[in-house]
Each structure stands twice: as C-alpha cells, then as structure tokens.
Amino acid sequence: MKIFTADQIYEADKFTIEKQQISSDVLMEKAATELFKWIHSRLQGAEVTIQLFCGIGNNGGDGIALARHLQEHGYAIQVHVVNYSDKRSKDFLLNLERLKDRKIWPEFINHDSGLPELSPNDIIVDAIFGIGLNRPPESWVGDLIKHINDSRAFVLAVDVPSGLPSDKAPWNKEHVVRASYVLSFQVPKLIFFLPETGIYQNQWELLDIGLDSEFLGKTATAYELIGKPEVLPMYRPRLKFSHKGTYGHAVIVGGSYGKIGAVQLASNACLTVGSGLVTAFVPECGYHSLQTAIPEIMVLTDEEDNTITKIDIPFKPSVVGIGMGMGTEEDTVKAFSALLKNIETPMVIDADGLNILAKHPKFMKDVPKQSVLTPHPKELERLIGEWEDDFDKLEKAKTFATKHDCILLIKGAHSITIYNTIGFVNTTGNPGMATAGSGDVLTGMITGLIAQGYSSLNAAVFGVYLHGLAGDMGVSHNGYEALKASGIIENIGKAYMELLRPPEIENNKEA
Ligand SMILES: NC(=O)C1=CN([C@@H]2O[C@H](COP(=O)(O)OP(=O)(O)OC[C@H]3O[C@@H](n4cnc5c(N)ncnc54)[C@H](O)[C@@H]3O)[C@@H](O)[C@H]2O)[C@H](O)CC1
Ligand SMILES: [K+]
C-alpha cells in the first residue's frame, strides 16, 4: 500500500473533486460520515460525553461536521473551536453554519480562555490540526494539547494526531496530541511508522473517503507499506523436480570466542528459511558446538582459534552473510577486506561487518553491488553520520544506498528497507523481538532467501516481513518477554504457512 505525502493527498483531493464534479465539502461530509459510522458502531448510543476540539481548517471542519452527526443521533456532545487563526477554511465555515442551524453553539477557545474541564470518562475527538500543520502551534494551543493529554480520556484523533507535522519531527514533544486511536483518511501516513512520530498514537485505521483510485494508482510514492498483499507475489514456490542445488549454497561468516552462538542462529535461520546448503565459516573454537548444534550445516574453520583471520571459501557460494559476533580485531578487518576484494556474489552484511565498514569507508567501493546492509540505529549512525530527525535519517539513508548501489535495511519497530529513492515500511513484528540474536536470525533469513534465487531487494523486504511474522507467531502463545531468537527460527515454518494461507480459509474461520 502506498504512503502518500501531504502534498500528494491535496492533489488527490483536487483531482477527485474535478473528476467527480463535486464540491470540496462533499469530501468533508464523506469524511465526517465515515468518522461517525466508526464511532457509532462502537458506542451504540452510549451515554458518554464526547468533547470535540476543532481547529479552524479542514481538520476542524471534519470535527464540526462529525459533531452534527453525533448530535443528530442523540449523543451528548461539547464542541470547542480552537480559534488559533482568523483564516478559517471555507468548508469549516460552511459546517459551522450547519451546526448553528441546529442550535448547537460551540465554545470558542482563544489565547486568553481558561482550559475546559475534562473527565477521564469523556471521549475526546482531536480535530485541531490535520496534515496542514506547517508551523509550531502557539503556546496556548500547546497548553491545550497538554491538557488533553493529561485528561486520561480516550482520545480519537482525526486524520493525524494534532501537533505532528507530516515531514519533520515535532517542534515541541509536549505539544502533540497522544492519540489512543487515529482514524486517518484513505491512505497511511509515514509519521505512523517512524520512532520519533509513531509514539503519538497507539493504533491507527484507515477510512475510505472515496479519493480517486485512478489517481492513487498511478501516482508514484517514495514509501510503500509492506503487508501480505505486497510480499505474497515475491514468494518463490518450491519446484517438484528440484534438488538441494536448486536452492543455493549460502555461507555464513562470523563468530569469535564466546560469540559462536550468533553464527549458529544465523546459519540455522538460513537453513530454515529454505537455503539448499549452508556452510558456516568460524574460528576454530566454534567447530564442535556448531557441528553438534546443527547437523544439517557444514562448517569451515579459520586457522586461528578465537578470531577470524583469513576467510578461505573453497567453492563459489551463492551468497555470503557476514558480521555476526565477528569482532573488529585487526586481522579480522584484513580478512574482511580481502574477502570483499575477491567476492562477486552479493553479501548480507550485519553487526561487526557494518562496524568495520563504518571505520573504513573506503572498503565500501569493494562491497558487491546489490548487497544488503542491515544496521540497527547505532550502526546506521556510524555508517551515514548523525541526522537531525527521522526524516533526515531516511534521506541520508537513500543517498547512501543510491551511491553504493546497496540495499539498506534500517532495523526498528517498523524496519524500513531502502533501495534507491524508495523506502519499504514493514508491518510485522513486535517488541518481544527486541532480544539478543534477533538480528542474527534476520541476517540468516535474508541470506537464505538470496541463496534460493530471491533478488536482494525482494529477499530484504520478504525476509524482514517473514522474520516479523515468525516473531508474531512466537509471542502469540508465550508473550513478549519469553521470546528468544531461537523461538523466531522455530516459527519460520508457521510464518510461511500463515503467509500462504488462502483467503477462503480465512473467510471460513471468520464465519
Ligand atoms: N483528502 C483528504 O484526506 C481530506 C482531508 N480533509 C481534512 O483536511 C485536513 C487538512 O486540512 P487543512 O485545512 O489543509 O489543514 P489543517 O486543518 O490541518 O490546518 C490548519 C490550517 O491552519 C494553518 N496552520 C498551519 N499550522 C498552523 C499553526 N501552527 N498555527 C496556526 N495556523 C496554522 C494552515 O495554513 C491550515 O490552513 C486533513 O487533515 C483532513 O482532516 C478534508 O476534510 C477531506 C479531504
Ligand atoms: K487531528
């Protein structure tokens, strides 16, 4: 599903209005009707006070129009107009008149008004600012937002939490509505998925307001949300007349004394995701534990006991996954650099592989094209430098990925795979996966997918989705805390089955 910018949404509005020959207030009315239907289906006329805070732009207009629907259906409402500007939008004014026609008189809040009384039992509708916010809210509006946040009431935000600009971090973290739920129009917004801005909402849902599907379909976007419909076509089915050679020979390089487990996890994940053959390359000290733990893999060892000093692979691997638990000893750096010079197949580079690249930027020119780099935030910072905010981070990541023709997978709650100028935002996974070795499993999975013939980009996008899904299945029985990296591997098979489960079965289950 595409993620549109605010400008693109305004264009979609304009296009829809022209094509359908409608006036703009028809879209606002559709938005308000959908908001009302959502609320009404849950509240069923409950006797709760709904406090609507409405700005003076179109987000506020949505709130005012919603108030009318709520009142018509007997809900107890209080409407507050947050009067932060005299530039009221046309459709806001139209809906304000409609409200007054029904003898509903909003309370106008100005810079010198007191703060309204709110109860934790109220439901608050936040329609102060939408995607049009383009400068910091004045301090009295910020104080009102803080007051809403302090109320402990359920806060339903219209389109976006008020106070969040759509292309930068908020100016003041306290002056952003913390929404219990966001009902957003038609398309997901990038702010829902970034660490700095995603914290302002617990849940979000899209409401269809009838924006033109032709426009949405043909418009290219810089970000895409990756769910089942996006990854399913990437799946490469196993062939009847295939053999283990069909699915490649992956090599996993890493480990040092006390960190052989990282290679074990990566190799096991690589095999479990479907690589035909897997060879692990580790310091001598890892030989016995690996051979014992995973009989299905082959093991090559370095001459040295405790660290990697020379990476000799006596065959042409389909792909190399490297870096987990490897350390950054001088000899290891030399061995890594020599491997980069000799290898042509794409690599999946993680952990200490990334740390070495960050310390020796000149090595980047030897990294095979179409390699996948899988940094967590600290490793990313070492690679691309500091950033101002999450949006700046993404731009810097795109510049880096384009310059080096690599795929940069930024790990996090919503991992984002960057390739050229596009970012693919993952939707699976959970906080239980913030656990030791989870990244080693992901590296192994992506390596195993490339071995089977997935393109590097598809392997990264598909791999991160499947990794998250396996983690979701892992926590479904035991909860977040008890999930271990090996538990993610144990659920890779179930994740494949969940992904491939035909929709008919889903329907039957619901029936
Ligand atoms: N296609 C859709 O998704 C539709 C969305 N709708 C709703 O419209 C808003 C966007 O409306 P807009 O009027 O453009 O912006 P806001 O209501 O967010 O804006 C504020 C308004 O005030 C000005 N402004 C910006 N920042 C400040 C500030 N800090 N202080 C004072 N004033 C400020 C700005 O210039 C705007 O004019 C969208 O989110 C949806 O809720 C439509 O109802 C239907 C179609
Ligand atoms: K809002």
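Residues numbered from 1 in each chain as written. Chains lettered and ligands numbered in written order. Predicted model: local features only at pLDDT ≥ 70, side-chain atom pairs only at ≥ 80, totals over all residues.

As a reminder, the rule being used: UniProt positions are given in the numbering used here, feature names are shortened, and annotations may be inferred rather than shown by experiment.
The name given to the chain in an unreviewed UniProt entry is Bifunctional NAD(P)H-hydrate repair enzyme, with the source organism recorded as Flagellimonas hymeniacidonis. For the chain, the Subunit (unreviewed entry) comment in UniProt is given as "Homotetramer."

1. Topic: the overall build of the chain
Stated precisely, the cut-off is as follows: A run of H or I in DSSP becomes a helix once it reaches four residues, and a run of E becomes a strand once it reaches two; helices and strands are each numbered from the N terminus. Residues with at least 20 neighbouring C-beta atoms inside 10 Å of their own are called buried, those with 12 or fewer are called exposed, and the rest are partly exposed, where every C-beta is derived from the backbone. Here, residues touch in the contact sense if the C-beta positions derived from the backbone fall within 7 Å of one another.
Counting its secondary structure elements, the chain contains 18 helices and 18 strands. Referenced to the eigenvectors of the C-alpha coordinate spread, the extents of the chain come out at roughly 85 × 50 × 45 Å. Considering the chain as a whole, with its 511 residues, one finds that 49% of them fall into the buried category. Of the contacts formed within the chain by residues at least 6 apart in sequence, a portion of 75% connects residues at least 24 apart.

2. Things to note about the environment of P431
Structurally, P431 can be placed in the loop between β18 (422-426) and α14 (438-451). Accessibility expressed as a C-beta count within 10 Å gives 12 for P431, which makes it exposed. For P431 and P229, which are 202 residues apart along the polypeptide, the C-alpha to C-alpha distance reads 23 Å.

3. Considering the site of ligand 1
Put simply, the rule reads: Only the C-beta atom matters for this test: placed from the backbone, it must lie within 6 Å of a molecule or strand for the residue to be near it. The residue classification treats Ala, Val, Leu, Ile, Met, Phe, Trp, Tyr, Cys and Pro as nonpolar and Asp, Glu, Lys and Arg as charged. All others, Gly included, are polar.
Every one of the 29 residues lining ligand 1 counts as a neighbour, but G57, N58, N59, G130 and G132 are closest to it. Counting only elements with at least two residues in the shell around ligand 1, the list comes to α1 (6-19), α2 (24-43) and α3 (58-72). Sort the elements by how many residues they give to the shell around ligand 1 and α3 lands first, with five residues. Looking at the shell around ligand 1, its residues break down into 13 nonpolar, 12 polar and four charged.

4. Notes on the UniProt feature "binding site: K(+)" (unreviewed entry) in the chain
In the numbering used here, UniProt assigns the feature "binding site: K(+)" (unreviewed entry) to N59, D126 and S162. Spanning 104 residues, the annotated positions come together in the fold, the maximum distance between their C-alpha atoms being 9.3 Å. Checked against the element boundaries, D126 lands in strand β5 (residues 123-127). If we skip the residues at most four places from it in the chain, D126 touches F53, I148, V155, L156, A157, V158, P161, S162, V177 and A179. Here S162 shows up in the loop between β6 (154-158) and β7 (179-185). Residues contacting S162, with those up to four places away along its chain left out, are D126, I128, F129, I145, A157 and V177.

5. Regarding the sheet that holds β5
The cut-off we apply is this: A pair of strands is labelled paired if DSSP reports no fewer than 2 bridges between them. A fitted line through C-alpha atoms serves as each axis, taken over the contacting stretch for helices, and the angle formed by two N-to-C directions is quoted from 0 to 180°.
Pairing is parallel across the open sheet formed by seven strands, whose spatial order is β4-β3-β2-β5-β6-β7-β8. For this open sheet the edge positions go to β4 (107-109) and β8 (201-207), each flanked by a neighbour on one side alone. Sheet twist, expressed as the average angle between the axes of neighbouring strands with direction ignored, equals 20°. Bridge analysis of strand β3 (residues 76-82) against β4 gives three bridges, and the strand direction is parallel. If you follow V82 over to β4, its bridge partner there is I109. Sheet strands in contact with α3 are β2 (49-54), β3, β5 and β6, and its direction is about 155° off that of β2.

6. Remarks on the packing of helix α8 (residues 260-272) against α14
Note the threshold: Less than a right angle of anticlockwise turn of the near helix away from the far helix marks a crossing as left-handed, whereas a clockwise turn marks it as right-handed.
Direction vectors running N to C along α8 and α14 enclose 35°, while the axes themselves pass 7 Å from each other. The handedness of the crossing between α8 and α14 is right-handed. Across the interface between the two elements, A262, L265, A266, S267, N268, A269, C270 and L271 from α8 touch D440, V441, T443, G444, M445, T447 and G448 from α14. Residues that form the contact of α8 with α14 fall into these classes: eight nonpolar, six polar and one charged.

7. Structural notes on the pairing of β2
Most of β2 sits out of view: five of its six residues are buried. Here six bridges tie β2 to β3, and the two strands are oriented parallel to one another. Its bridge partner being in β3, C54 is matched across the sheet by V81. Where β2 lies against β5, five bridges are found, and the strand directions are parallel. Across the sheet, I50 pairs through a bridge with I123, a residue of β5.

8. Looking at the domain arrangement of the chain
Put simply, the rule is: Note that domain bounds follow an automatic or database assignment of domains.
For the chain, the assigned domains are domain 1 (24-212) and domain 2 (230-505). One C-alpha centre belongs to domain 1, the other to domain 2, and the line joining them spans 43 Å. The partner domain 2 presents seven residues to the nine residues of domain 1 that form the contact. Looking at side-chain class alone, the side of domain 1 that touches domain 2 contains four nonpolar, two polar and three charged residues.

9. Comments concerning the sheet that holds strand β12 (residues 298-301)
Strand order across the open sheet formed by 11 strands is β1-β9-β18-β17-β16-β15-β14-β13-β10-β11-β12, with mixed pairing between neighbours. Among the strands making up the open sheet, the edge pair consists of β1 (2-3) and β12. Here three bridges tie strand β13 (residues 319-322) to strand β14 (residues 347-349), and the two strands are oriented parallel to one another. From the neighbouring strand, G321 faces β14, where its bridge partner is V348. On top of the sheet, helix α15 (residues 456-478) reaches β9 (223-226), β15 (372-373), β16 (407-410), β17 (416-419) and β18; it is set at about 15° to β16, its chief contact.

10. Section: the environment of S438
With respect to the helices and strands, the residue S438 is situated in helix α14. When the C-alpha atoms of S438 and L483 are compared, they prove to be 9.7 Å apart, with 45 residues separating the residues in sequence. Residues in contact with S438, not counting those within four places in the same chain, are M433, A485 and I488.

11. Comments concerning the UniProt feature "domain: YjeF C-terminal" (unreviewed entry) in the chain
Residues annotated by UniProt as "domain: YjeF C-terminal" (unreviewed entry) correspond here to residues 227-499. A helix fraction of 44% and a strand fraction of 14% characterise residues 227-499, whose end C-alpha atoms lie 10 Å from each other.

12. So, the environment of L190
Structurally, the position occupied by L190 is in the loop between β7 and β8. When the C-alpha positions of L190 and G276 are compared, they lie 38 Å apart, and in sequence the two are 86 residues distant. In contact with L190, other than residues within four places in its own chain, are I3 and Y223.

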